[in-house]
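Residues per chain, in single letters:
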Amino acid sequence: MASPVKTRLLELVQELGKLAQKHGAWVRLHYVYPYPSVDDIMPLMAQGLVLPYLDVPLQHSHPDVLKRMKRPASGEKNLERIQRWREICPEIVIRTTFIAGFPGETEEEFQHLLDFLREAQIDRAGCFAYSDVNGAAANDLPGQLPQAVREERRARFMAVAEEVSIAKLQRRVGATMQVLVDKAPALGRKGGVGRSYADAPEIDGTVQSAAAREDQQDDEGGRVHQGPYRGRAGPRPGGATHVMLQKSERVALVLSCFQYLKFLKINGYKRYKLCFK
């Protein structure tokens, strides 16, 4: 008979990790509030028991705004904690969301948020322009900002978030990562779609593989030959393979698998491709 598990974050994550290890599964933590208990699970990520990926809703960085939001942590402590998390688990990917234009937010407080985003080097950052919610106490706070100001601040935030993301992805060039295959038409002969540990389903990027054709040419005009999947099946959905990150463009990574590294230009947001030679 299974032993009971205490309803505390550390014990729950430990047991989930142990269960997943038996089946080679991934455990990804989403929407974990930044309470002190989060610090305890960093060693588990460093050990590989769960994915080094944390979705934690920080909402803002300025202590006064967080106080008006009634959030559980201050901006200064969050920055220090993120730095400690990375010391324990350098591979950790942090996803979070923020609110721009919260009632009473000054330009100085918003600039504090942008500075925090740059210093904290958030891997995956989203932002919402503040809007009223039925029954929320924030609806009655003084200093309601015009909708145009809220949207303008959100746009400025996302510009900085993209700037940080580009730099973070560029630093991954040359690394080899495991990819979980989600789709593989024709048993992988026609490429496929997958995700690395840094990519949560539906909200982050994808790894798109495309087997090269015999008649394709590389950037120097040379022939690009069919890769390891010729005449046999490649990775199947639910399986895993390893890729090497070759180049990044904007918020995209260009990947290559097994034998040959080749750069493909990519249009769109957070898209990845594989090419074989």
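Residues numbered from 1 in each chain as written. Predicted model: local features only at pLDDT ≥ 70, side-chain atom pairs only at ≥ 80, totals over all residues. Heavy atoms only, no water.

1. Some remarks on the sheet that holds strand S2 (residues 93-100)
Next up, step 1: Taken together, three strands build an open sheet; the order of strands is S1-S2-S3 and the sheet is parallel. The sheet is open, and its two borders are formed by strand S1 (53-55) and strand S3 (124-129), each paired with just one other strand. Taking each pair of neighbouring strands and ignoring which way they run, the sheet shows an average axis angle of 15°.
Next up, step 2: Direction of pairing for S2 relative to S3: parallel, over a ladder of six bridges. For Thr96, the partnering residue across the bridge sits in S3 and is Ala125.
Next up, step 3: Sheet strands touched by helix H6 (residues 147-170): S2 and S3. Its angle to S3, the strand with the most contacts, is close to 175°. (Pairing = 2+ DSSP bridges. Helix = DSSP H or I, 4+ residues; strand = E, 2+ residues; numbered from the N terminus. Axes fitted to C-alpha atoms, helices over the stretch in contact; angles between N-to-C directions. Contact = heavy atoms within 4.5 Å.)

2. Remarks on the packing of aromatic side chains
Next up, step 1: Tallying each qualifying case throughout the model produces five aromatic pairs.
Next up, step 2: Aromatic pair Tyr33 and Tyr35: ring centres 5.9 Å apart, planes at 25°, arrangement stacked.
Next up, step 3: On the accessibility criterion, Tyr33 (28% relative accessible area) is partly exposed.
Next up, step 4: Among the residues examined, Tyr35 registers a relative accessible area of 43% and is labelled partly exposed.
Next up, step 5: Members of the aromatic cluster, connected to one another through ring pairs, are Tyr31, Tyr33 and Tyr35.
Next up, step 6: Between Arg28 and the ring centre of Tyr53, over which it is positioned, the NZ or CZ distance is 4.6 Å. (Phe/Tyr/Trp six-rings, centres within 6.5 Å; stacked < 30°, edge-to-face > 60°. Buried < 20%, exposed > 50% of the residue type's maximum accessible area, 1.4 Å probe, protein only. Lys NZ or Arg CZ within 6 Å of the ring centre and 35° of its normal.)

3. Here we look at the pattern of salt bridges
Next up, step 1: Under the criterion given, the structure shown has 14 salt bridges.
Next up, step 2: Arg153 is the partner of Glu105 in a salt bridge, and the nearest nitrogen-oxygen pair spans 2.9 Å. Residue Glu105 is located in the loop between S2 and helix H5 (107-120), and its partner Arg153 is located in helix H6; the two are separated by 48 residues in the primary sequence.
Next up, step 3: When its relative accessible area of 2% is taken as the criterion, Glu105 is described as buried.
Next up, step 4: Salt bridges here are not isolated pairs; linked through shared partners, they connect Glu105, Glu107, Glu152, Arg153 and Arg156. (Salt bridge = Lys/Arg side-chain N within 4 Å of Asp/Glu carboxyl O.)

4. Observations concerning helix H1 (residues 9-23)
Next up, step 1: Under the 1.5 Å per step criterion, the end-to-end length of H1 is 22 Å for 15 residues, consistent within 8% with the ideal 21 Å.
Next up, step 2: In the core, the buried residues of H1 are packed alongside helix H2 (42-47).
Next up, step 3: Just beyond H1, the residue with positive phi is Gly24, at close to 65°. (Expected span 1.5 Å × (residues − 1).)

5. Focus on unusual backbone geometry
Next up, step 1: Positioned with a positive phi, Tyr31 is a non-glycine residue whose angle comes to about 50°.
Next up, step 2: For Tyr31, the position within the fold is in the loop between H1 and H2.
Next up, step 3: You will see that Gln121, though not glycine, has its phi angle at about 55°, which is positive.
Next up, step 4: Looking at the secondary structure, you find Gln121 in the loop between H5 and S3.

6. Regarding the confidence of the model for the protein chain
Next up, step 1: Taken over all residues, the pLDDT of the protein chain has a mean of 75, while the share at 70 or more is 69%.
Next up, step 2: Per-residue pLDDT, averaged within each element of the protein chain, yields its smallest value for strand S9 (residues 271-274) (34) and its largest for H5 (96).
Next up, step 3: A low-confidence stretch, residues 249-277 (pLDDT under 50), is modelled with 115 contacts involving residues beyond four sequence positions or located in other chains. (pLDDT = per-residue confidence, 0-100.)

7. A look at the layout of surface pockets
Next up, step 1: Here the largest pocket defines a volume of roughly 450 Å³.
Next up, step 2: For the largest pocket, the lining is made up of 20 residues, of which Met69, Ile99, Phe102, Tyr130 and Ala138 are closest to its centre.
Next up, step 3: Listing elements by their share of the lining of the largest pocket, those giving two or more residues are helix H3 (63-69), S2 and S3.
Next up, step 4: Counted by class, the lining of the largest pocket contains 13 nonpolar, four polar and three charged residues.
Next up, step 5: Of the volumes computed, that of the second largest pocket is approximately 310 Å³.
Next up, step 6: Residue lining of the second largest pocket: 15 residues in total, with Pro90, Glu91, Arg172, Met177 and Tyr197 positioned closest to the centre.
Next up, step 7: Of the residues forming the lining of the second largest pocket, the biggest block, three residues, is contributed by strand S4 (residues 176-183). (1 Å grid on protein atoms, 1.4 Å probe; cavity = no way out; pocket = protein on both sides within 12 Å on 5 of 7 lines; lining within 4 Å. Points joined across faces, edges and corners; volume = space filled by probe spheres on them. Nonpolar A, V, L, I, M, F, W, Y, C, P; charged D, E, K, R; others polar.)

8. Points about the pairing of strand S5 (residues 192-196)
Next up, step 1: Counted residue by residue, S5 has four buried out of five residues, so it is predominantly covered.
Next up, step 2: The pairing of S4 with S5 spans four bridges and is classified as antiparallel. Bridge pairing in S5 links Val181 to Gly194.

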